[in-house]
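Listed here are the chains, written in short residue letters.
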Amino acid sequence: MTESRRKTTLEESIKIVEWCLDHDKSYKDAESEFNVSYAQVYQW
């Protein structure tokens, strides 16, 4: 199984992490909301 990843800018990565924190969302929620892999968000 290959993870679908897309390149993100530093600013976009920060925005996604802030979204998780501000809305009490999980990495899995961010994965589907922003089309990034769980591993990417976990790594940030």
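As recorded by an unreviewed UniProt entry, the protein carries the name Transposase and is attributed to Breznakia pachnodae.

Student: What should I look at first to understand the UniProt feature "domain: Insertion element IS150 protein InsJ-like helix-turn-helix" (unreviewed entry) in the protein in this one?
Tutor: The positions that UniProt labels "domain: Insertion element IS150 protein InsJ-like helix-turn-helix" (unreviewed entry) are, in the present scheme, residues 14–44. With 74% helix and 0% strand, residues 14–44 has its two end C-alpha atoms placed 8 Å apart.

Student: What's the story with the packing of helix H1 (residues 10–22) against helix H2 (residues 27–34) in this structure? I'm lost.
Tutor: Between two packed helices, both the angle of their axes relative to each other and the distance between the axes serve to describe the pair. H2 packs onto H1 with a crossing angle of 130° between their chain directions and a minimal axis gap of 10 Å. Taken together, the axes of H1 and H2 are oblique relative to one another. The hand of the H1/H2 crossing is right-handed. Packed against H1, whose contacting residues are Ile16, Trp19 and Cys20, the element H2 presents Asp29, Ala30, Glu33 and Phe34 at the interface.

Student: It is not clear to me how the packing of aromatic side chains should be interpreted in this structure. Could you clarify?
Tutor: Each aromatic ring pair is specified by the distance between its two centres and by the angle formed by the two planes. Summed over the entire model, instances satisfying the criterion amount to four aromatic pairs. Aromatic pair Trp19 and Phe34: ring centres 5.1 Å apart, planes at 85°, arrangement edge-to-face. A residue pair is termed long-range when its members are at least 10 positions apart, and Trp19 in helix H1 and Phe34 in helix H2 qualify at 15 residues. With respect to class, Trp19 is no different from Phe34; both count as buried. Pairing Tyr38 with Tyr42 gives two aromatic rings, centres 6.4 Å apart and planes at 10°, and the pair type is stacked. Of the two residues, Tyr38 and Tyr42 both sit in helix H3 (residues 38–43), four residues apart, roughly one turn of that helix. On the accessibility criterion, Tyr38 (40% relative accessible area) is partly exposed. Looking at Tyr42, the relative accessible area reads 56%, which means it is exposed. Feature note: the residues Tyr27, Tyr38 and Tyr42 constitute an aromatic cluster, connected by ring pairs.

Criteria and cut-off values
Residues numbered from 1 in each chain as written. Predicted model: local features only at pLDDT ≥ 70, side-chain atom pairs only at ≥ 80, totals over all residues. Heavy atoms only, no water. UniProt positions renumbered as here; feature names shortened; annotations may be inferred. Helix = DSSP H or I, 4+ residues; strand = E, 2+ residues; numbered from the N terminus. Axes fitted to C-alpha atoms, helices over the stretch in contact; angles between N-to-C directions. Parallel < 35°, antiparallel > 145°, perpendicular 65-115°, else oblique. Left-handed = near helix turned anticlockwise from the far one by under 90°. Contact = heavy atoms within 4.5 Å. Phe/Tyr/Trp six-rings, centres within 6.5 Å; stacked < 30°, edge-to-face > 60°. Buried < 20%, exposed > 50% of the residue type's maximum accessible area, 1.4 Å probe, protein only.

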